[in-house]
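Tertiary structure, described
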Amino acid sequence: MIVETAGLTKRYGENTVLSGLDLKVAEGSVLALLGPNGAGKTTTIRILSTLTRPDEGSARIAGFDVVRSPAAVRGVISLTGQYAAVDEEQTGRENLLMIARLRRFRRSAARVRTSELLERFQLPDVADRRVRTYSGGLRRRLDLAMSLVARPRLLFLDEPTTGLDPVSRTTMWDAVGDLVREGVTIFLTTQYLEEADRLADRIVVLDNGNVVADGTADALKNSVGGARLDLTFPSCEDAARAHVLVGGVTDGPTVSVPSDGSATHLHRVLDDLLTAGVRPDRVSTHRPTLDDVFTTLTGAAA
Ligand SMILES: Nc1ncnc2c1ncn2[C@@H]1O[C@H](COP(=O)(O)OP(=O)(O)OP(=O)(O)O)[C@@H](O)[C@H]1O
Ligand SMILES: [Mg+2]
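1. With respect to the pattern of salt bridges
Taken as a whole, this structure holds 16 salt bridges when the rule is applied. Here Asp178 and Arg181 are joined by a salt bridge, their closest N and O atoms 2.8 Å apart. Residue Asp178 and its partner Arg181 are both found in helix 6 (residues 166-181); the two are separated by three residues, about one turn of the helix. Residue Asp178 is classed as partly exposed on the basis of its relative accessible area of 31%. For Arg181, a relative accessible area of 65% gives the class exposed. Among the ionic contacts, a cluster of salt bridges with common partners joins Glu89, Arg130 and Arg132.

2. Observations regarding the sheet that holds strand 6 (residues 77-80)
Overall, mixed pairing links the six strands, which are arranged 6-7-8-3-9-10 in an open sheet. The open sheet has two free edges, formed respectively by strand 6 and strand 10 (210-215), since each of these has just one partner strand. The sheet shows a mean angle of 15° between the axes of neighbouring strands, direction not considered. As paired strands, strand 3 (residues 30-34) and strand 8 (residues 185-190) are joined by five bridges and run parallel to one another. Residue pairing for strand 8: Leu33 is matched across the bridge by Thr189. Most of the contacts of helix 1 (residues 41-48) go to strand 8, to which it runs at about 150°, and overall it touches strand 3, strand 6, strand 7 (154-158), strand 8 and strand 9 (202-207). Sheet contacts for helix 6: strand 3, strand 7 and strand 8; angle to strand 8, the most-contacted strand, approximately 150°.

3. Describing the sheet that holds strand 4 (residues 56-61)
Think of a sheet as strands paired side by side through backbone hydrogen bonds, with each pair either parallel or antiparallel. Pairing is antiparallel across the open sheet formed by four strands, whose spatial order is 2-1-4-5. Only two strands of the sheet have a single partner each, and these edge strands are strand 2 (15-25) and strand 5 (64-65). Across two bridges, the pairing between strand 4 and strand 5 is antiparallel. Following the sheet pairing, Ile61 is matched in strand 5 by Phe64. Sitting on the sheet, helix 1 is in contact with strand 1 (3-12), strand 2 and strand 4, with an inclination near 120° to strand 1.

4. Details of helix 11 (residues 290-298)
For helix 11, the full list of buried residues reads Leu290, Val293, Phe294 and Thr298. Along helix 11, the residues classed as buried sweep out an arc of 95° about the axis, all on the same side. Its buried side turned inward, helix 11 meets strand 3, helix 7 (193-199), strand 9, strand 10 and helix 8 (217-223).

5. Topic: helix 3 (residues 92-102)
When helix 3 is considered as a whole, its buried residues turn out to be Gly92, Asn95, Leu96, Ile99 and Ala100. Considered in projection along helix 3, the buried side chains sweep an arc of 130° and stay on one side of the axis. The elements touched by buried residues of helix 3 are helix 4 (107-120) and helix 5 (136-147). Looking at the residues trailing helix 3, positive phi occurs at Arg104, about 65°.

6. Concerning the packing of aromatic side chains
A ring pair, where both rings are aromatic, is described by two values, the distance of the centres and the angle of the planes. With the rule as written, the count across this model stands at one aromatic pair. The ring of Tyr192 has Arg169 sitting right over it, with the charged end atom 4.1 Å from the ring centre.

7. Comments concerning the nonpolar core
Core analysis: the largest hydrophobic core is formed by 45 residues, its most contacted members being Leu96, Phe121, Leu142, Leu144, Leu155, Ile186 and Ile203. Apart from the residues within four sequence positions on either side, Leu155 is in contact with Ser78, Leu79, Thr80, Leu144, Ser147, Leu148, Leu179, Val184, Thr185, Ile186 and Phe187. Counting 25 residues, the second-largest nonpolar core is a separate cluster that includes Val3, Leu18, Ala39 and Val73.

Procedures and definitions
Residues numbered from 1 in each chain as written. Chains lettered and ligands numbered in written order. Predicted model: local features only at pLDDT ≥ 70, side-chain atom pairs only at ≥ 80, totals over all residues. Heavy atoms only, no water. Salt bridge = Lys/Arg side-chain N within 4 Å of Asp/Glu carboxyl O. Helix = DSSP H or I, 4+ residues; strand = E, 2+ residues; numbered from the N terminus. Buried < 20%, exposed > 50% of the residue type's maximum accessible area, 1.4 Å probe, protein only. Pairing = 2+ DSSP bridges. Axes fitted to C-alpha atoms, helices over the stretch in contact; angles between N-to-C directions. Contact = heavy atoms within 4.5 Å. Arc of directions from axis to C-beta. Phe/Tyr/Trp six-rings, centres within 6.5 Å; stacked < 30°, edge-to-face > 60°. Lys NZ or Arg CZ within 6 Å of the ring centre and 35° of its normal. Core = buried A, V, L, I, M, F, W, Y, C linked by side-chain atoms within 4.5 Å.

In structure tokens form, the structure reads like this:
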């Protein structure tokens with residue numbers, strides 16, 4: 001486990017922000033921490049990246065305790081914050097070179113790494129412009145590039161695509177996908193269900209400092225009532241006959257059957273119907289979305 005926390009607790013005055021958080025993240029995986037504003041996502045990342053100390057409990061990164069061995073932890077991780085931290089008065093290239101030099105790259109190696117990263121994040125055209133002329137999306141990409149200068153084992157991304165347009169968001173997702181293929185573990189926070197669905201192997205939903213759900217996107221969707229199959233027939237009589245054969249509930253000419261959303265189930269239902277000579281006109285399946293999950297679990301509108 002590259003991340004392991006036990007009973008992690010953090011308070012600000014009367015406000016208990018994290019109450020006994022237990023988390024384990026396997027190396028090479030992508031974990032999405034999902035939750036409404038104020039759920040404690042950034043606080044979790046700040047503790048895991050040694051920027052804030054927990055009040056109780058413990059956290060280890062690659063076996064190093066975040067409180068007792070912060071320097072060792074920092075050697076393993078990299079962090080891209082919720083608010084991009086770049087030097088506005090320098091160019092993108094200068095920002096990258098500066099980080100590389102801080103990370104003790106030799107001058108020529110720093111130049112090579114900088115070019116690689118500019119290329120990968122599709123920044124070469126703007127590399128020699130001052131950052132203050134960048135759009136939010138360019139800034140975010142530069143920020144991500146900066147967090148990768150030293151090839152971390154574990155990368156924290158705090159809301160990496162908040163405020164980005166759909167194109168920049170896709171670029172960011174692709175970049176994250178490349179990192180995952182290289183074996184980098186990603187710990188990201190997001191308020192976008194689509195993002196969690198798309199990137200994460202595992203989703204942890206945080207609400208008021210507690211884990212309210214933990215699993216794959218599919219498992220979470222299934223936990224909210226599962227999928228259903230809607231079969232629409234040419235007449236209400238046909239629907240009534242189908243209802244006798246396959247169960248579910250009838251609404252006019254439509255029968256809705258609970259389903260696991262699999263092709264096997266669809267096949268079996270259609271087989272039963274066609275064998276009995278009842279033929280639906282239309283078939284559709286409904287899978288609950290992560291939005292449904294989020295709303296059900298946190299009571300918050302996503
Ligand atoms: N330095 C601080 N001092 C006092 N309260 C804080 C501090 N940092 C965070 N908090 C409080 O802790 C709670 C959790 O904040 P946190 O930033 O972790 O939430 P978040 O899940 O990242 O929210 P968002 O989606 O808005 O980024 C909030 O109620 C916040 O006001
Ligand atoms: Mg936050």
